[in-house]
Amino acid sequence: MPQNGGGVSNINRPSGWRKATAGLAVAEQHAQNGERVAIPKTQAFVAVKRVGAHIGLKAGDMLLLDTLGAFTQVQDWEEGQRPIVWASNAYLMEQTGFSLSALKRHARRLAEIGVISFKDSPNGKRWGRRDADGRIVEAYGFDLSPLSARVEEFEELQAELQAERELCQRLKRQITVARRMIRARIEAASHAALKGPWTHLSGLFEDLLERLPRRNTASEKLERLLAWFRELQERIEAAYLTAVRAEEGVENTPETSEQVSEKTQEMNPREVISEPHILITTQLNPVTRNRSETEQAAGVVPNEPPEDPVARELEDWVAETRKKRGAAIDLATVMQACPEFASWARNMGGYLKDWGDLHRVAGQLRPMIGVSEHAWNLAQDRLGPQIATAALVLTFDKHCAGEVASPGGYLRGIVQKAGAGELHLERSFYGRLSGQAA
């Protein structure tokens, strides 16, 4: 592997184009620290590449760094050694395709950022020699020791960047849920011709949509946006509830206002994973309520026979499930375990007297979480109407809580588990009830 100076190197000249700077001094300090540790070359290069863009390295910088790294050998990265490269300018230009000025520019940036250092010879030439074991005895040129010194720093930075990306993804999902619910509520109010400040609220909503970032942004900004969307969602939910009660001739009582206030206090927009705020006018308590009270709270009219063939098919499935599993998922359990869906279902369909009503409302809410009609039809075909309905309700609630990023994919996963005989949907519902009780 050719590592020869071939003459005086401008890059290594101790004076002239390369003046001493604070960045170069820091790079030399990193080089001295790197000499005292043993870091494999692969680990060092993986660490710097993962954070390269964040610390200011460009594609050309990384190309030159890779080219320099190819000249080093395993023993150069041992403790007490320095991986120094003394390849000539002509050879580096041939390998990278850079002009001399570009080569100087990229080398300078690598040093200023602190991933390489320059070790100059007295006459400004790059040269070096190895002993019989291949260890560098003396060398002048590009010193890659700073990489060894900064591996831990780069790995910690990568972990922070990864955590930030995951946080941003969760915040974006929660913002998407809030957006969809706000839009759905405004459209429902418009469709029902409810009286209220809908023009003003719609204007606020559009203003918030304009504030959404067009590219990646910091989690702090996303948290502020999420707080704004949730505050607007709270106002819209309160306005909707007031309008519905006025339409029905029901007076807004202090108890109703207290429920709204309590729900507002529960909202924490800075929480990484928190449920989007949806006004729930009836709180469910699986510990203290009896079966009849639970059914009424979930919007179910007990002992109502099905009124259509679809409902009859769903109720037949309940009986068949009881025979197979001994404990079927009843309608009240589904609604109680999924309070976010229950709130939307009651607002859209009133009391749900049977599985047929739940099936209808689930189909109406399906587009709001982005589940395609094809995925919904496939689930009904493979699972049957009732299991598909229960699966969609669970998917909806999990998505609202930020637990599911892709509702369509989650529903397809349920279908696949059923096909493999591994689906135990009732465990999910009972697990959510246990979580509520805790």
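Residues numbered from 1 in each chain as written. Predicted model: local features only at pLDDT ≥ 70, side-chain atom pairs only at ≥ 80, totals over all residues. Heavy atoms only, no water.

(A) Spotlight on the overall build of the protein chain. Within the protein chain one finds 18 helices and four strands. For the protein chain, the residues scored as buried account for 47% of the 438 residues in total. Restricting the contact set of the protein chain to residue pairs at least 6 apart, pairs at least 24 apart contribute 75%. (Helix = DSSP H or I, 4+ residues; strand = E, 2+ residues; numbered from the N terminus. Buried < 20%, exposed > 50% of the residue type's maximum accessible area, 1.4 Å probe, protein only. Contact = heavy atoms within 4.5 Å.)

(B) The environment of Arg 346, seen in detail. Of note, Arg 346 is situated in helix α13 (residues 339-349). The class for Arg 346 is buried, based on a relative accessible area of 16%. Taking the C-alpha atoms as reference points, Arg 346 and Leu 358, 12 residues apart in sequence, are found 9.8 Å from one another.

(C) Just a negative patch on the surface, in detail. A surface patch of like charges, here negative, comprises Glu 152, Glu 155, Glu 156 and Glu 160. Structurally, the position occupied by Glu 152 is in helix α6 (residues 145-191). (Patch = residues over 30% accessible without salt bridge, like charges linked within 9 Å, V, L, I, M, F, W, Y side chains within 5 Å. Areas by Shrake-Rupley, 256 points an atom, 1.4 Å probe, with all protein chains shown as cover. Salt bridge = Lys/Arg side-chain N within 4 Å of Asp/Glu carboxyl O. Lys, Arg positive; Asp, Glu negative; His and termini not counted. Charge placed at Lys NZ, Arg CZ, Asp CG, Glu CD.)

(D) Spotlight on unusual backbone geometry. Positive phi is not limited to glycine here, since Ala 193 has a value of about 55°. Secondary-structure assignment places Ala 193 in the loop between α6 and α7 (198-211). Here Ala 193 falls in the exposed class, since its relative accessible area comes to 57%.

(E) Fine view of the confidence of the model for the protein chain. When the pLDDT values of the protein chain are averaged, the result is 78; 76% of them are 70 or greater. Helix α3 (residues 59-69) holds the highest mean pLDDT among the elements of the protein chain, 94, whereas helix α10 (residues 291-297) holds the lowest, 39. A low-confidence stretch, residues 254-306 (pLDDT under 50), is modelled with 104 contacts involving residues beyond four sequence positions or located in other chains. Note that pLDDT drops below 50 for residues 317-327; the model gives that stretch 13 contacts with residues more than four away or on any other chain. (pLDDT = per-residue confidence, 0-100.)

(F) Quick peek at the packing of aromatic side chains. Under the criterion given, the structure shown has six aromatic pairs. An angle of 80° between the planes, with centres 6.4 Å apart, marks the rings of Phe 205 and Phe 229 as edge-to-face. With Phe 205 in helix α7 and Phe 229 in helix α8 (residues 219-248), this residue pair connects regions lying 24 residues apart in the sequence. The same class applies to Phe 205 and to Phe 229, which are both buried. The aromatic ring of Tyr 140 is capped on one face by Lys 119, whose charged end is 5.6 Å from the ring centroid. Of note, Arg 185 hangs over the ring of Tyr 240, and the distance from its end group to the ring centre comes to 4.2 Å. (Phe/Tyr/Trp six-rings, centres within 6.5 Å; stacked < 30°, edge-to-face > 60°. Lys NZ or Arg CZ within 6 Å of the ring centre and 35° of its normal.)

(G) Just the pattern of salt bridges, in detail. Taken as a whole, this structure holds 16 salt bridges when the rule is applied. Note that Lys 353 and Asp 357 form a salt bridge whose closest N and O atoms lie 3.2 Å from each other. By relative accessible area, Asp 357 is classed as buried at 10%. Residue Arg 360 pairs with Asp 357 through a salt bridge whose shortest N-O separation is 3.6 Å. Of this pair, Arg 360 and Asp 357 both sit in helix α14 (residues 355-365), separated by three residues, roughly a single helical turn. By relative accessible area, which is 36% here, Arg 360 ends up partly exposed.

(H) How the structure looks around the side chain of Gln 380. Among the secondary structure elements, Gln 380 is positioned in helix α15 (residues 373-383). Reaching out from Gln 380, the side chain makes a polar contact with the side chain of His 359 at a distance of 2.6 Å. In this structure Gln 380 touches His 359, Pro 385 and Ala 388, once residues within four positions along its chain are discounted. (Polar contact = N/O pair within 3.5 Å; in protein donor to acceptor, adjacent residues only side chain to side chain.)

(I) Quick look at the packing of α6 against helix α16 (residues 385-400). Contact geometry for α6 and α16: axes closest at 9 Å, N-to-C directions at 115°. Across the interface between the two elements, Val 177, Arg 180 and Met 181 of α6 pack against Phe 396, His 399 and Cys 400 of α16. (Axes fitted to C-alpha atoms, helices over the stretch in contact; angles between N-to-C directions.)

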